[in-house]
Amino acid sequence: MNGCSKAIAADFKHNGSLDIATIAYFADFKYHPQEGFTYLEQTNPNQFTAHEIPISNYGRWLTMAVADINQDGYDDIILGNFSTTGRGLVNQSGYTPMWDMHIPVIVLKNNAGKSK
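These remarks concern the structure in this document. (Residues numbered from 1 in each chain as written. Predicted model: local features only at pLDDT ≥ 70, side-chain atom pairs only at ≥ 80, totals over all residues. Heavy atoms only, no water.)

Attention shifts here to the nonpolar core. Ranked by size, the top nonpolar core spans 14 residues in total, and within it Phe37, Ile55, Trp61, Met64, Ile77, Leu79 and Leu108 carry the most contacts. Contributing elements (two or more residues each) for this core: β1 (4–10), β2 (19–24), β3 (37–44), β5 (61–67), β6 (76–81) and β7 (105–108). Setting aside residues up to four positions removed in sequence, isoleucine 77 forms contacts with Phe12, Ala21, Phe37, Met64, Ala65, Val66, Ile106, Val107 and Leu108. Within the second largest apolar cluster, five residues are counted, among which are Ala24, Phe29, Tyr95 and Trp99. (Core = buried A, V, L, I, M, F, W, Y, C linked by side-chain atoms within 4.5 Å. Buried < 20%, exposed > 50% of the residue type's maximum accessible area, 1.4 Å probe, protein only. Helix = DSSP H or I, 4+ residues; strand = E, 2+ residues; numbered from the N terminus. Contact = heavy atoms within 4.5 Å.)

To continue, consider the packing of aromatic side chains. For the coordinates displayed, the defined rule picks out three aromatic pairs. Each ring, one from phenylalanine 12 and one from tyrosine 39, has its centre 5.8 Å from the other, and the planes form 75 degrees; the classification is edge-to-face. With phenylalanine 12 in the loop between β1 and β2 and tyrosine 39 in strand β3, this pair connects stretches of sequence that are 27 residues apart. There is no split in this pair, since phenylalanine 12 and tyrosine 39 are both buried. Here the aromatic rings of tyrosine 25 and phenylalanine 26 are separated by 5.1 Å at their centres, their planes lie at 85 degrees, and the arrangement is edge-to-face. Given a relative accessible area of 7%, tyrosine 25 falls into the buried group. By the ring-pair criterion, three or more aromatic residues cluster together here, those being Tyr25, Phe26 and Phe82. (Phe/Tyr/Trp six-rings, centres within 6.5 Å; stacked < 30°, edge-to-face > 60°.)

What follows deals with the sheet that holds β7. Sheet architecture is open: three strands sit in the order β5-β6-β7, paired in antiparallel fashion. Single-partner strands in this sheet number two, and they are β5 and β7. With strand direction ignored, the average angle separating the axes of adjacent strands in the sheet is 20 degrees. Here β5 pairs with β6 via six bridges, running antiparallel. If you follow alanine 65 over to β6, its bridge partner there is isoleucine 78. (Pairing = 2+ DSSP bridges. Axes fitted to C-alpha atoms, helices over the stretch in contact; angles between N-to-C directions.)

Following this line, the structure appears as structure tokens:
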């Protein structure tokens, strides 16, 4: 993962293993914009499957916190957006960001406890 700026380990699925939520403020947005937020699911001890959630157009994640926002017993992920088109903060030439600069925060609700 390019430019990982924060990682939080938590048992998001309540299965006894820690998964990892990551953000990358300086991800490879030109070729892999989904790296801005990645969820690493622990499938076996110390083995992870990466899930790239398609939220890159909603913002550029500078902050991340984990809390049970809807009080269902499962941790949710809160992402804080600091997006700008200023050249000083875009680390790749030839790339024009399409981030939403008006959404300050998004919440990724954990549906692990919901039956399918």
